[in-house]
Amino acid sequence: MNTTDGNRPQNPTPEGPAWIDSHAHLDMEDFDPDRDEAIRRAFAAGVTAVLCPADIASDKSLRTTLDIVARYPSFLAAAGVHPHQAKLYSENQARKLRDLGAGRTIAALGEIGLDFHYNFSAPEEQKRAFRDQLLLADELRLPVIIHSRLAGAEVATEVKKQGCRSGGILHCYTEDWDTARRMIDLGFYISFSGILTFPKAGSLREVASKVPLDRLLVETDSPFLAPVPFRDRKRNEPAFVVETARVLANLKGVSFEKLAEVTTRNFLSLFPRA
Ligand SMILES: [Zn+2]
Ligand SMILES: [Zn+2]
């Protein structure tokens, strides 16, 4: 790994509001030059924990993610087969996920889901991998991190059908209110990313304003989707989660501090050991 423990920033108790970035790909090579510095900036911004989803098909992704969560005890790892990679979903990957989940090396299965915008894997391949991993998560009693793009109705239907007793997160939410409502009824949390700050995201802001406070989470989906006012940056990072939070607090008509308190409480109710 690219850093030594001697350089590891400590996680201070923040003086201001405390945030949790519910989704950031800190394993990606975009962070290779300055991973610990980015985490240091996150701590300075009041971010106390990050959930890091690894790609189970990549040994490097998994290794880097597990190294991060080993060095930062409040951080959590997830792993899964992303809908883009669904065509590569294999018995071997399922076995690896089962082992990691059973040993609680990972706190959730994900990201898993359906992406009918890109369709990098055929819809039927996506559905097969999604269903299989939903069943596995249920068997392991682990929450799921769901990626859904232009697939809200199908995602809600599959989750309801397969059962997902440990619940989970709809991450980087971009679907409509009807899907949000169905997923909330199924016990899920809705996580908003920097997209919420984009000028054109008016209808998403309307959806966000309707999600009950006790179902809301915030995330960056770093290194993607840098929020306003950092759109010109090539890379997003967990410290910027506060920009999405500012917009969300406004939409909900609550203070920045109140939103920090509820989103942190929501995350901890799903992941008590974070
Ligand atoms: Zn995603
Ligand atoms: Zn992601």
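Residues numbered from 1 in each chain as written. Chains lettered and ligands numbered in written order. Predicted model: local features only at pLDDT ≥ 70, side-chain atom pairs only at ≥ 80, totals over all residues. Heavy atoms only, no water.

(A) Region of the structure containing the coordination of the zinc ion (ligand 2). Only His23 (NE2), His25 (NE2), Glu111 (OE) and Asp221 (OD) from the protein reach the zinc ion (ligand 2) as donors, at distances of 2.1 to 2.4 Å. Taken together, the four donor atoms coordinating the zinc ion (ligand 2) span angles of 84 to 176° at the metal, a pattern that classifies the geometry as irregular. As a motif over one chain, the donors of the zinc ion (ligand 2) read H-x1-H-x85-E-x109-D. Taken as a pair, the zinc ion (ligand 2) and the zinc ion (ligand 1) show a spacing of 3.5 Å, with Glu111 coordinating each metal. Residues His23 and His25 agree in their burial class; the two are buried. (Donors = N, O, S within 2.8 Å, 3.2 Å for Na, K, Ca; no water. Tetrahedral: all angles 85-135°; square planar, octahedral: opposite > 155°, others 65-115°. Buried < 20%, exposed > 50% of the residue type's maximum accessible area, 1.4 Å probe, protein only.)

(B) Just the pairing of strand β7 (residues 189–192), in detail. Here β7 shows no split at all, with Tyr189 and Ser191 on one side and Ile190 and Phe192 on the other all buried. Inspection of the sheet shows strand β6 (residues 168–171) paired to β7 by two bridges, in the parallel sense. Looking at the pairing, Ile169 lines up with Tyr189 of β7. Read from β6 through helix α6 (residues 177–185) to β7, the crossover connection turns out right-handed. With three bridges connecting them, β7 and strand β8 (residues 216–218) associate as parallel partners. Within β8, the position partnered with Ser191 by the bridge is Leu217. Considered for its hand, the β-α-β crossover made up of β7, helix α7 (residues 202–210) and β8 is right-handed. (Helix = DSSP H or I, 4+ residues; strand = E, 2+ residues; numbered from the N terminus. Pairing = 2+ DSSP bridges. Right-handed = clockwise from strand over helix to strand, strands pointing away.)

(C) Structural detail: the sheet that holds strand β1 (residues 19–21). Spatial ordering of the open sheet is given by β1-β2-β3-β4-β5-β6-β7-β8, a layout of eight strands whose pairing is parallel. Strands with a single pairing partner mark the edges of an open sheet, and in this sheet they are β1 and β8. Each neighbouring strand pair of the sheet contributes to a mean axis angle of 25°, computed without reference to strand direction. Two strands pair when backbone bridges link them, and strand β4 (residues 108–115) and strand β5 (residues 144–149) are joined in this way by six bridges, in the parallel orientation. Among the inter-strand pairings, Gly110 is bridged to a residue of β5, identified as Ile145. The sheet strands contacting helix α4 (residues 123–140) are β3 (76–80), β4 and β5, and the helix crosses β4 at an angle near 155°. Its contacts with the sheet put helix α9 (residues 256–270) on β1, β2 (47–55), β3, β6, β7 and β8, and the angle it makes with β1 is roughly 55°. (Axes fitted to C-alpha atoms, helices over the stretch in contact; angles between N-to-C directions. Contact = heavy atoms within 4.5 Å.)

(D) Layout of unusual backbone geometry. For the peptide bond that leads from Gly110 to Glu111, omega is 5°, which places it in the cis range. By the secondary structure assignment, Glu111 is in strand β4. Following Ser222, the chain continues into Pro223 via a peptide bond in cis, with omega recorded as 5°. Its location among the elements puts Pro223 in the loop between β8 and α8 (241–252). Located in the positive-phi region is Cys172, a residue other than glycine, with phi close to 45°. By the element assignment, Cys172 lies in the loop between β6 and α6. Unlike most non-glycine residues, Leu225 shows phi in positive territory, near 60°.

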